[in-house]
Amino acid sequence: MKDANSPHAAHEHQRDSFGSSFGVLVALAGSAVGLGNLWRFPYLVGENGGAAFILIYLGFVLLVGVPIMMSEFIIGRRSQANARGAFKKLAPGSLWYVSGTLAVLCCLLILSFYSVVGGWGIEYLFKAFRFDFTRAGDSAGLSTLFSDFASSTWRPLVCHTVFLLLSGLIVILGVKNGIEKFSKVMMPVLFLIIIVIAIRSLTLPGAGAGIDYLFHPDWSKVTANTYLAALGQAFFSLSLGSGMVITYGSYVSKKENITAISAKTAAADTLFALIAGCAIMPAVFAFGISPGEGPGLVFITLPHIFSQLPLGGFIAILFFVALLLAALTSSISLLEVIAAFCIEEFKMKRFWAVMLTLFVLWVLGCLCSLSQGVLADWKIFGRNFFDLFDFLSANVLMLLGGLVAVVFVGWKLGRTVIHDELTNSGALKIPVWLLDTLLFLIRFLAPAAIAVIAIFQWV
Ligand code: PHE
């Protein structure tokens, strides 16, 4: 931050930053814990055979996810700049910064469909308050309820707009006063809610089958696709390759321990996904529903379960509050990546940077939302807008961003810089074996894993 040689030195001391270690952790965990944990993880587990998928996922988080997160953290904290500016500062005169520009684009695409699903969360929270799920009756009724809503024109657009405005409001307040304050209150609430739901679910008669499914691996179900889905999920859930860790990392002081924060963030995200699994799977099994329902699990199957559960109306409200909070703490991180880029690269005021971003997101989000209904036939490369944005961001841009980050840190910045950042210039100790292992993961294993998954997906 105080690098006198930096061309941005004068501008830098005005940069916002996180106020405390706990603030950094909850903001990062807030970004990581999101729809990825509550909506994507349970149905992927269901589709990929349960415990075996979870074990492979855990392996990827530890061996690939954490090293990528640490690499992005190093880029952000060392440069104290936004996703594009970071590369420009650390490698002036080179083309590495293109990766930062792509990261901003990636966040724009993710947030376009993320805010639509966040909007669905708002609608479902209302429905939960009105006890609509009990009225809709069986799962066919709930399936119609969902598809009628998602494919209609106006209501999802209004919800999407409200969701974006809520995210914008928090980001306009800034890093310390908006993002950090919001996450500090909401993350503990979120964990509490999901634990309450998990306890309710685990104490249902017949819950044992769900636990079995989550914790006893059936290796016969594992295929090449299981590995691809698990690595993709690790990227999405830990918010990797999107410039998020670079941007949040740039607001972190030189005194924080990068290794510890990265490990804690990954642990919190994984723990939350497992508790969410315990909240959802036992109930799914107790009511004799197939776990492989796909993306509709949260919006169709769960309301069906809630409608039959003792105290179900209350649990439904809690669940959709949790979904909304989880989505919001993630969407503000996506919005911050874009806002920081506009503020620093184009010298815009935070307010206008956020307003401009919201406007672009609103237009892109409208396309995603309408692609569930009136624009269903507008297809590019055989995909509607929603699926195209999802595919381009999660399956292309995030992988690319993660790959560039590890290659940049492992090969361009190198061992000395990594050591310097992980020890805070010698103030912290790091065992040689740990540094060597990390270096191996960053230089070889993570790039190889990303390359393999990319080749499988794209070819
Ligand atoms: N990790 C978030 C989730 O699990 C999604 C996300 C991706 C957030 C990329 C920020 C950046 O929902």
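Residues numbered from 1 in each chain as written. Predicted model: local features only at pLDDT ≥ 70, side-chain atom pairs only at ≥ 80, totals over all residues. Heavy atoms only, no water.

1. Focus on the packing of aromatic side chains
Here is step 1: Tallied over the full model, the rule gives 31 aromatic pairs.
Here is step 2: Plain terms: the ring middles of Y124 and F146 are 6.1 Å apart, the flat faces sit at 70° to each other, and that makes the pair edge-to-face. Of this pair, Y124 sits in helix α6 (residues 97–129) while F146 sits in helix α8 (residues 139–151), and the two are 22 residues apart along the sequence. F146 carries the same exposure label as Y124, and that label is buried.
Here is step 3: Grouping aromatic residues by their ring pairs yields a cluster made of F113, W120, Y124, F133, F146, F149, F299, F306, F319, F320 and F386.
Here is step 4: Across the ring face of F236, the terminal group of R40 is positioned such that the distance to the ring centre comes to 4.7 Å.
Here is step 5: The residue whose ring lies beneath R443 is W411, and the NZ or CZ to ring-centre distance is 4.6 Å. (Phe/Tyr/Trp six-rings, centres within 6.5 Å; stacked < 30°, edge-to-face > 60°. Helix = DSSP H or I, 4+ residues; strand = E, 2+ residues; numbered from the N terminus. Buried < 20%, exposed > 50% of the residue type's maximum accessible area, 1.4 Å probe, protein only. Lys NZ or Arg CZ within 6 Å of the ring centre and 35° of its normal.)

2. A closer look at the nonpolar core
For soluble globular proteins, nonpolar side chains are generally found buried alongside one another.
Here is step 1: F18, W120, Y248, F299, F319, F320 and L422 are the most contacted members of the largest nonpolar core, which totals 171 residues.
Here is step 2: A total of 23 residues in this core trace back to one element, the largest contributor, which is helix α16 (residues 312–345).
Here is step 3: Those residues in contact with W120, other than ones at most four positions away along the chain, are F146, F149, A150, P156, F299, Q372 and F386. (Core = buried A, V, L, I, M, F, W, Y, C linked by side-chain atoms within 4.5 Å. Contact = heavy atoms within 4.5 Å.)

3. Here's the deal with α6
Here is step 1: In this model, α6 (33 residues) spans 47 Å end to end at C-alpha, consistent with the 48 Å of a helix rising 1.5 Å per residue.
Here is step 2: Of all 33 residues making up α6, 26 are buried, and the element is well covered by its neighbours.
Here is step 3: Residue F131 follows α6 closely and has a positive phi angle near 55°. (Expected span 1.5 Å × (residues − 1).)

4. Details of the site of the ligand
Here is step 1: Near the ligand there are 16 residues, and of these A32, G36, Y114, F236 and S239 occur at the shortest range.
Here is step 2: One nitrogen or oxygen atom from the main chain of S237 is found 3.1 Å from a nitrogen atom belonging to the ligand.
Here is step 3: Residue S239 places a side-chain N or O atom 3.0 Å away from a nitrogen atom belonging to the ligand.
Here is step 4: Coverage of the ligand by the protein chains reaches 100% of its 330 Å² of free accessible surface.
Here is step 5: Grouping the constituent residues of the shell around the ligand by class yields seven nonpolar, nine polar and no charged. (Near = heavy atom within 4 Å. Polar contact = N/O pair within 3.5 Å; in protein donor to acceptor, adjacent residues only side chain to side chain. Areas by Shrake-Rupley, 256 points an atom, 1.4 Å probe, with all protein chains shown as cover. Nonpolar A, V, L, I, M, F, W, Y, C, P; charged D, E, K, R; others polar.)

5. As for a nonpolar patch on the surface
Here is step 1: Together, L95, V98, L102, L105 and L400 make up an exposed nonpolar region whose accessible area comes to about 400 Å².
Here is step 2: Looking at which element gives the most residues to the nonpolar patch, the answer is α6, with three residues.
Here is step 3: Along the chain, the position of L102 falls in helix α6.
Here is step 4: Given the relative accessible area of 32%, L102 is considered partly exposed. (Patch = residues over 30% accessible without salt bridge, like charges linked within 9 Å, V, L, I, M, F, W, Y side chains within 5 Å. Salt bridge = Lys/Arg side-chain N within 4 Å of Asp/Glu carboxyl O.)

Take it as geometry only, folks, not as evidence of what the structure does.
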